[in-house]
Amino acid sequence: MGLLKESTNTLFDTDAIQKGAMIYAKHECWDEAKSGIVSAVKSDGIRVLYHPNIANVTAFFNIFADDVANGEWQIRWSEDLETIYQYPEELEEGNADDV
């Protein structure tokens, strides 16, 4: 299942990922990936709710389609925790633990 749609602008395929999905994402500038819940999906971005390990605090991070297309993100997501999708799709098994 592809995550991005091709157009003059790079956009997310909003049928591929939906609000409530579990997500595990790593930006290229982060040391570690973050797990969270997709709280909003628009064609140009995904908003993720995550727990930053501070009591009674939640935070958000945004994943923008242009940044994903530029290779800045490694993402895994699942609607049911049985079928897990990843982007980039060609992420090698040896690198899968890095996400």
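Above this text you will find the structure in question.
Residues numbered from 1 in each chain as written. Predicted model: local features only at pLDDT ≥ 70, side-chain atom pairs only at ≥ 80, totals over all residues. Heavy atoms only, no water.

Concerning the side chain of Lys26
Here is step 1: As for its placement among the helices and strands, Lys26 is situated in strand E3 (residues 22-27).
Here is step 2: No salt bridge is formed by the buried Lys26, whose closest oppositely charged neighbour, Asp31, lies at an N-O distance of 6.6 Å.
Here is step 3: Within the structure, the side chain of Lys26 is placed 2.9 Å from the backbone oxygen of Trp30, a separation counted as a polar contact. (Helix = DSSP H or I, 4+ residues; strand = E, 2+ residues; numbered from the N terminus. Buried < 20%, exposed > 50% of the residue type's maximum accessible area, 1.4 Å probe, protein only. Lys, Arg positive; Asp, Glu negative; His and termini not counted. Salt bridge = Lys/Arg side-chain N within 4 Å of Asp/Glu carboxyl O. Polar contact = N/O pair within 3.5 Å; in protein donor to acceptor, adjacent residues only side chain to side chain.)

Description of the environment of Phe12
Here is step 1: Turning to its location among the elements, Phe12 is positioned in strand E2 (residues 11-12).
Here is step 2: Expressed as a C-alpha distance, the spacing of Phe12 and Ala65, which sit 53 residues apart in the sequence, is 5.9 Å.
Here is step 3: In contact with Phe12, other than residues within four places in its own chain, are Leu3, Leu4, Lys5, Lys42, Ser43, Asp44, Gly45, Ile46, Ile63, Phe64, Ala65 and Val68. (Contact = heavy atoms within 4.5 Å.)

Notes on unusual backbone geometry
Here is step 1: Of note, the amide linkage connecting Tyr87 to Pro88 takes the cis form, showing an omega dihedral of 5 degrees.
Here is step 2: Tracing the backbone shows Pro88 in the loop between strand E8 (85-87) and helix H2 (93-96).
Here is step 3: In this structure, Asn53 takes a positive phi of about 65 degrees despite not being glycine.
Here is step 4: With respect to the helices and strands, Asn53 occurs in the loop between strand E5 (45-50) and strand E6 (59-64).
Here is step 5: Classification of Asn53 by relative accessible area gives exposed; the value is 71%.

A closer look at the sheet that holds strand E4 (residues 34-42)
Here is step 1: Strand order in this open sheet of six strands is E6-E5-E4-E3-E7-E8, and the pairing throughout is antiparallel. The open sheet terminates on both sides in strands that have one partner only, identified here as E6 and E8. Neighbouring strand axes in the sheet, compared pairwise and without regard to direction, differ in orientation by 30 degrees on average. (Pairing = 2+ DSSP bridges. Axes fitted to C-alpha atoms, helices over the stretch in contact; angles between N-to-C directions.)

Notes on the side chain of His27
Here is step 1: Inspection of the secondary structure assignment puts His27 in strand E3.
Here is step 2: With relative accessibility at 13%, the residue His27 sits in the buried group.
Here is step 3: If we skip the residues at most four places from it in the chain, His27 touches Glu72 and Trp73.

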